[in-house]
Structures are given as structure tokens and as C-alpha cells.
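Chain residues, written in single-letter form:
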Amino acid sequence: EFVSDATNIFRTGNEYATIFCNVALTVDQALAAGAYKDVWDSATSSNYTVVENYGSGWNSTTNDFIAPFDGLYRFGGHVANHDGGYACGWMLKKNGNTLNLMTTGNLSYATFNINEFYVDLDKDDAIEYWIVNHSTTKNARGNATSTNERCVASAWMVRRS
């Protein structure tokens, strides 16, 4: 089967799938000084909202992104630091193994965000979003309604394998 995307490019019919998820904290999550935290697991599904979940990639039981198909995925999102001051940021783990190690000793006074982090995944691989906090206790911001004032994690499928 061949599929046209209305251009002069033809692709095989099973190459694409619509997978997109977007989750956001609704309640602040405390971050201890010099600590790492799986923020979604810690928050539990009662303290975040699943804004969009096309293709059912976000799993509210495990609080992780679970790849529905083999493919290339893109991960993004932003950390909103409620208290200002020292940085915190997303650190991704694939099946428990760190993909982009962030250490508490090398962060500067800023918020680290990711929006173009590509990962090849097999069906059922899990991606966890962790936060790392530099020093002094801070809060990862949650907000019931305002997306730009809360921590957000997003995932997209780029291409199905």
C-alpha cells in the first residue's frame, strides 16, 4: 500500500501514526536540595492533568510515556520553577536508563527545557521524566489551568518503524 501526502512524496501506508501526549502538573511538587525526582510518579495522576493523549502513549497507571509502536519519537516540555533561584530541569530515562544526565553540580541559574530530544523506541519502551534540582529546596510548579505557569511533558511520534 502506498499513501500520498498531497506532495510528490509517496510513503508506505504503515509508516505514520498519530501519537501525541501532553501532561501538566496541577499541584506544586517539592524538590529537595541536590535531588533527582520522577515528578509524574511522585505527583500521581491525581496531581497532574493529561491535556492530550492521542494514540494512548501516556500511561496514567505507571505515570510514564509508553511507546505504542516501534519508531522515532520526539520528547519535549518545560519545567516551571515556582520559587525562582537555582535551576531544575528534565532528565529523561528510557526503561530506567538515563538518556541525558544532568547533575546538580553543573547547573546554572536558569531553567532547562527540552523540546527537540529524539529517541528511537521499541513498542512498550518506557520514558520517565525526572527533575533535577541544584540546591536549596524548591518546587516544580503546578497550576490547575495556566499551562505556561506549570511543568509540562510532551511526546510525539515522528516516524513509525
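To be clear, the structure that these remarks concern was listed above.
Residues numbered from 1 in each chain as written. Predicted model: local features only at pLDDT ≥ 70, side-chain atom pairs only at ≥ 80, totals over all residues. Heavy atoms only, no water.

Trainee: Honestly, the overall build of the chain in this entry has me stumped. Any pointers?
Mentor: Scanning the chain from N- to C-terminus turns up one helix and 15 strands. Per-residue burial over the chain gives 41% buried out of 161 residues. When contacts within the chain are restricted to residue pairs at least 6 apart in sequence, long-range pairs at least 24 apart make up 75% of them. With an accessible surface of roughly 7,900 Å², the chain has 48% of that area assigned to carbon and sulfur atoms. (Helix = DSSP H or I, 4+ residues; strand = E, 2+ residues; numbered from the N terminus. Buried < 20%, exposed > 50% of the residue type's maximum accessible area, 1.4 Å probe, protein only. Contact = heavy atoms within 4.5 Å. Areas by Shrake-Rupley, 256 points an atom, 1.4 Å probe, with all protein chains shown as cover.)

Trainee: Teacher, can you tell me more about the pairing of strand β15 (residues 152-160) here?
Mentor: Each regular strand displays side chains that alternate between the two surfaces of the sheet. Here five bridges tie strand β3 (residues 20-25) to β15, and the two strands are oriented antiparallel to one another. Within β15, the position partnered with Val23 by the bridge is Ala153. Sheet topology note: the strand β9 (residues 71-78)/β15 ladder contains eight bridges and is antiparallel. Paired with Arg74 across the strands is Trp156, a residue of β15. (Pairing = 2+ DSSP bridges.)

Trainee: I'm lost on the pattern of salt bridges in this one. Help?
Mentor: Where side chains of opposite charge bring their charged atoms close, a pairing between them can arise. Under the criterion given, the structure shown has three salt bridges. Its salt-bridge partner being Arg141, residue Glu149 comes within 3.2 Å of it at the nearest N-O pair. Of the residues examined, Glu149 reaches a relative accessible area of 35% and is grouped as partly exposed. (Salt bridge = Lys/Arg side-chain N within 4 Å of Asp/Glu carboxyl O.)

Trainee: What is the right way to read the nonpolar core from this model?
Mentor: One broad trend across soluble globular proteins is that nonpolar side chains are buried collectively. Trp40, Phe65 and Phe75 are the most contacted members of the largest nonpolar core, which has 27 residues in total. Counting only elements with at least two residues in this core, the list comes to β3, α1 (39-43), β9, β10 (88-94), β12 (114-121), β13 (126-133) and β15. Residues contacting Trp40, with those up to four places away along its chain left out, are Val23, Ala24, Leu25, Tyr48, Trp58, Asn63, Trp90, Tyr129, Cys151, Val152 and Ala153. (Core = buried A, V, L, I, M, F, W, Y, C linked by side-chain atoms within 4.5 Å.)

Trainee: What should I look at first to understand unusual backbone geometry in this one?
Mentor: Phi is mostly negative for residues that are not glycine, and the peptide bonds are mostly trans. Unusually for a residue other than glycine, Thr44 sits at a positive phi of about 65°. Even without glycine at this site, Asn95 takes up a positive phi of about 50°. Along the chain, the position of Asn95 falls in the loop between β10 and β11 (97-98). Among the residues examined, Asn95 registers a relative accessible area of 41% and is labelled partly exposed.

Trainee: What should I look at first to understand the environment of Asp28 in this one?
Mentor: With respect to the helices, strands and loops of the structure, Asp28 is situated in the loop between β3 and β4 (29-31). In this structure Asp28 comes out as partly exposed when scored by relative accessible area, which is 26%. A distance of 2.8 Å separates a polar side-chain atom of Asp28 from the backbone nitrogen of Gly142. (Polar contact = N/O pair within 3.5 Å; in protein donor to acceptor, adjacent residues only side chain to side chain.)

Trainee: So what exactly am I meant to see when it comes to the packing of aromatic side chains here?
Mentor: What characterises a pair of aromatic rings is the spacing of the ring centres plus the angle enclosed by the ring planes. In the structure shown here, the tally under the stated rule is ten aromatic pairs. Measuring from centroid to centroid gives 5.8 Å for Trp40 and Trp90, while their planes differ by 25°, and the two rings are stacked. Placement of the pair is Trp40 in helix α1 and Trp90 in strand β10, with a sequence separation of 50 residues. Classification of Trp90 as buried rests on a relative accessible area of 1%. An aromatic cluster of at least three residues, connected via ring pairs, comprises Trp40, Tyr48, Trp58, Phe65, Tyr73, Phe75, Trp90 and Tyr129. A cation over an aromatic ring shows up here: Arg74 above the ring of Trp156, its NZ or CZ 4.1 Å from the ring centre. (Phe/Tyr/Trp six-rings, centres within 6.5 Å; stacked < 30°, edge-to-face > 60°. Lys NZ or Arg CZ within 6 Å of the ring centre and 35° of its normal.)

Trainee: In this structure, what is going on with the environment of Ala24? I would like to understand it.
Mentor: In this structure, Ala24 sits in strand β3. With 127 residues separating them along the chain, Ala24 and Cys151 place their C-alpha atoms 5.6 Å apart. Ignoring anything within four residues of it in the chain, the contact list for Ala24 reads Trp40, Tyr48, Thr49, Val51, Arg150, Cys151 and Val152.

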